[in-house]
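Report on the structure
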Amino acid sequence: QERLVESGGGSVQAGGSLSLSCAASGHSFSSYAMGWFRQAPGKEREFVAAVSWDGGSTYYGNSVKGRFTISRDNAKNTIYLRMNNLKPDDSAIYYCTAAMAIATMLDRDGRRDYWGQGTQVTVSS
């Protein structure tokens, strides 16, 4: 069974850093575009970052540009999100997702084929 499992969430003070991981199993996701979304209580789901299947192209939401870095290791079937200079507004559940193509991942209405269960990130002021 295909699964995406996030880890690395937690609580940190503003200005701190966290690193999230998303481990894929049951299927090779090396040909998939991978990404991170987040959702805070009472807010819509928000695009955070995406990476192409080979790691050659990365994309970021405006609110995290310059602070977050997405990467992937296809040999380990894992993607990462390094989050620096965290702000209270970054508090949310962070979800890992996979899509057949980067264009689909970046399309607001695009189909993402797989989702993880999410990991909580809490940033205190």
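Since this is a predicted model, take the numbers as computed values, not measurements.

**Remarks on the overall build of the protein chain**
Secondary structure assignment for the protein chain yields 1 helix and 11 strands. Helices and strands in the protein chain line up, N terminus first, as β-β-β-β-β-β-β-β-β-α-β-β. For the protein chain, whose C-alpha radius of gyration is 13 Å, the value lies close to the compact-globule estimate of 14 Å for 125 residues. A principal-axis box enclosing the C-alpha atoms of the protein chain has dimensions of 40 × 25 × 25 Å. Among the 125 residues that make up the protein chain, the fraction classed as buried is 42%. Considering only contacts within the protein chain whose residues lie at least 6 apart along the sequence, 58% involve residues at least 24 apart. Here the protein chain has roughly 6,500 Å² of accessible surface; of this, 46% comes from carbon and sulfur atoms. Charge-centre separation for the protein chain: the mean point of 13 positive side chains lies 4 Å from the mean point of 11 negative side chains.

**Points about the pattern of salt bridges**
Applying the stated criterion to the full structure yields 5 salt bridges. Across the pair Asp-90 and Arg-38 runs a salt bridge, and its minimum N-O distance is 2.9 Å. Residue Asp-90 is found in the loop between strand S8 (78-83) and strand S9 (92-99), and its partner Arg-38 is found in strand S4 (residues 33-39); the two are separated by 52 residues along the sequence. Each member of the pair, Asp-90 as well as Arg-38, carries the same accessibility label: buried. Linking Arg-67 and Asp-90 is a salt bridge whose minimum nitrogen-to-oxygen distance equals 2.7 Å. Within this pair, whereas Arg-67 is found in the loop between strand S6 (58-60) and strand S7 (68-73), its partner Asp-90 is found in the loop between S8 and S9, the two being separated by 23 residues in sequence. Salt bridges sharing partners connect three or more residues here, namely Arg-38, Glu-46, Arg-67 and Asp-90.

**Section: the sheet that holds strand S3 (residues 18-25)**
One open sheet holds the 4 strands; their spatial order is S1-S3-S8-S7, and the pairing between them is antiparallel. At either end of the open sheet lies a strand with only one pairing partner, and these are strand S1 (3-7) and S7. In this sheet, neighbouring strand axes are inclined to one another by 15° on average, regardless of whether the strands run parallel or antiparallel.

**Some thoughts on unusual backbone geometry**
Even without a glycine there, the phi angle at Asn-77 is positive, about 55°. One can find Asn-77 in the loop between S7 and S8. Of note, Asn-85 is a non-glycine position whose phi angle comes to about 50°, a positive value. For Asn-85, the location among the structural elements is in the loop between S8 and S9. Asn-85 gets classed as partly exposed once you look at its relative accessible area, which sits at 43%.

Cut-offs applied
- Residue positions are counted from 1 within each chain, in the order its sequence is given.
- Since the coordinates come from a predicted model, pLDDT governs what is reported: local features require at least 70, and pairs of side-chain atoms require 80 or more to be given and counted, while whole-chain, interface and lining totals use all residues.
- Only hydrogens and water are set aside when side-chain values are computed; all heavy atoms of the structure are taken into account.
- A run of H or I in DSSP counts as a helix once it spans at least four residues, and a run of E counts as a strand once it spans at least two, with each numbered from the N terminus.
- With C-alpha atoms as the basis for the radius of gyration, the globule rule is written as 2.2 Å multiplied by the number of residues raised to the power 0.38.
- When a residue's accessible area, from a 1.4 Å probe over protein chains only, is under 20% of the maximum for its type it is buried; when over 50% it is exposed; and in between it is partly exposed.
- Contact definition: two residues touch when any of their heavy atoms are within 4.5 Å.
- Each accessible area value is a Shrake-Rupley result obtained with a 1.4 Å probe; residue values ignore everything except the protein chains displayed when judging cover.
- This count recognises Lys and Arg as positive and Asp and Glu as negative, with His and chain-terminal groups excluded.
- One atom stands in for each charge, and that atom is NZ of Lys, CZ of Arg, CG of Asp or CD of Glu.
- Think of a salt bridge as a Lys or Arg side-chain nitrogen and an Asp or Glu carboxyl oxygen that are within 4 Å of each other.
- When DSSP finds at least two bridges between two strands, those strands are taken to pair.
- To get an axis, a line is fitted to the C-alpha atoms, and for a helix only the part in contact is used. The angle between two axes follows their N-to-C directions and goes from 0 to 180 degrees.

Fair warning: the whole summary comes from geometry, so function is off the table for now.
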